[in-house]
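Here are the chains, one letter per residue:
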Amino acid sequence: NNFLQKNNLPILESDGSKKSKEACYVVKVPTSIGDMTMLVLAKDKKKINESDLSLAHNKGQNKGMPVIFLTSREISKKAKTYMEKNLKGLLIIKGI
């Protein structure tokens, strides 16, 4: 949530998930061509793998939105390769 405030991304919707290791938000992202609605998934897991990224992408697909994946942890080499091959432009990973 600090990332969202720091980057002035208004929260339109928040997942009521009680898990402290994961959060899900729908935010408005200002762009040069107008505001975009995006899904933001924050995950605090020791190591992020390709199934985490695939699940995040699927959630975005179900909502019809691109995804910003926030993590402060390490991303596995397989996950990085998977993202570059399959999710380029559809999922953005940001370190927090």
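Right above here is the structure, for reference.
Residues numbered from 1 in each chain as written. Predicted model: local features only at pLDDT ≥ 70, side-chain atom pairs only at ≥ 80, totals over all residues. Heavy atoms only, no water.

Thoughts on helix H2 (residues 50-63)
- Taking 1.5 Å of rise per residue, the 14 residues of H2 would be expected to cover 20 Å, and the 20 Å separating its terminal C-alpha atoms lies within 8% of that figure.
- Within H2, the full set of buried residues consists of Asp52, Leu53, Ala56, His57 and Gly60. Down the axis of H2, the sector holding all buried residues measures 130°, keeping them to one side. Away from the buried face of H2 by more than 90 degrees, exposed residues Gln61 and Asn62 are located.
- Phi turns positive one or two residues past the end of H2, at Gly64, with a value near 70°. (Helix = DSSP H or I, 4+ residues; strand = E, 2+ residues; numbered from the N terminus. Expected span 1.5 Å × (residues − 1). Buried < 20%, exposed > 50% of the residue type's maximum accessible area, 1.4 Å probe, protein only. Arc of directions from axis to C-beta.)

With respect to the side chain of Thr71
- Locating Thr71 in the fold gives a position in strand E5 (residues 67-71).
- On the basis of relative accessibility, which here comes to 2%, the residue Thr71 falls in the buried class.

Looking at the packing of H2 against helix H3 (residues 77-87)
- Axis separation between H2 and H3 bottoms out at 8 Å; the angle between their running directions is 35°. Together, Glu50, Leu53, Ser54 and His57 of H2 and Lys78, Ala79, Tyr82, Met83 and Leu87 of H3 make up the contact between the two elements. (Axes fitted to C-alpha atoms, helices over the stretch in contact; angles between N-to-C directions. Contact = heavy atoms within 4.5 Å.)

Overview of the pattern of salt bridges
- Under the counting rule described, the total for this entry stands at 7 salt bridges.
- One salt bridge connects Glu13 with Lys63, and the closest N-O pair in it is separated by 3.2 Å. Of the two residues, Glu13 is situated in strand E1 (residues 11-14) and Lys63 in helix H2; the sequence distance between them amounts to 50 residues.
- On the accessibility criterion, Glu13 (44% relative accessible area) is partly exposed.
- Lys63 gets classed as partly exposed once you look at its relative accessible area, which sits at 40%. (Salt bridge = Lys/Arg side-chain N within 4 Å of Asp/Glu carboxyl O.)

Some words on the sheet that holds strand E2 (residues 22-31)
- Strand order across the open sheet formed by 5 strands is E1-E2-E3-E5-E7, with mixed pairing between neighbours. Each edge of the open sheet is held by one strand with a lone partner, namely E1 and strand E7 (91-95). Taking each pair of neighbouring strands and ignoring which way they run, the sheet shows an average axis angle of 25°.
- In the sheet, E5 pairs with E7 via 5 bridges, with the strands oriented parallel. Residue pairing in the sheet places Leu70 in a bridge with Lys94 of E7. (Pairing = 2+ DSSP bridges.)

Thoughts on H3
- Taken together, the buried positions of H3 are Ala79, Met83 and Leu87. The arc enclosing the buried residues of H3, seen along the axis, measures out at 40°, which places them on a common side. Of the residues in H3, the exposed ones pointing more than 90 degrees away from the buried face are Lys77, Lys78, Glu84 and Lys85.
- The elements touched by buried residues of H3 are strand E4 (47-48), H2, strand E6 (74-75) and E7.
- Following H3 by one or two positions, Gly89 has its phi on the positive side, about 85°.

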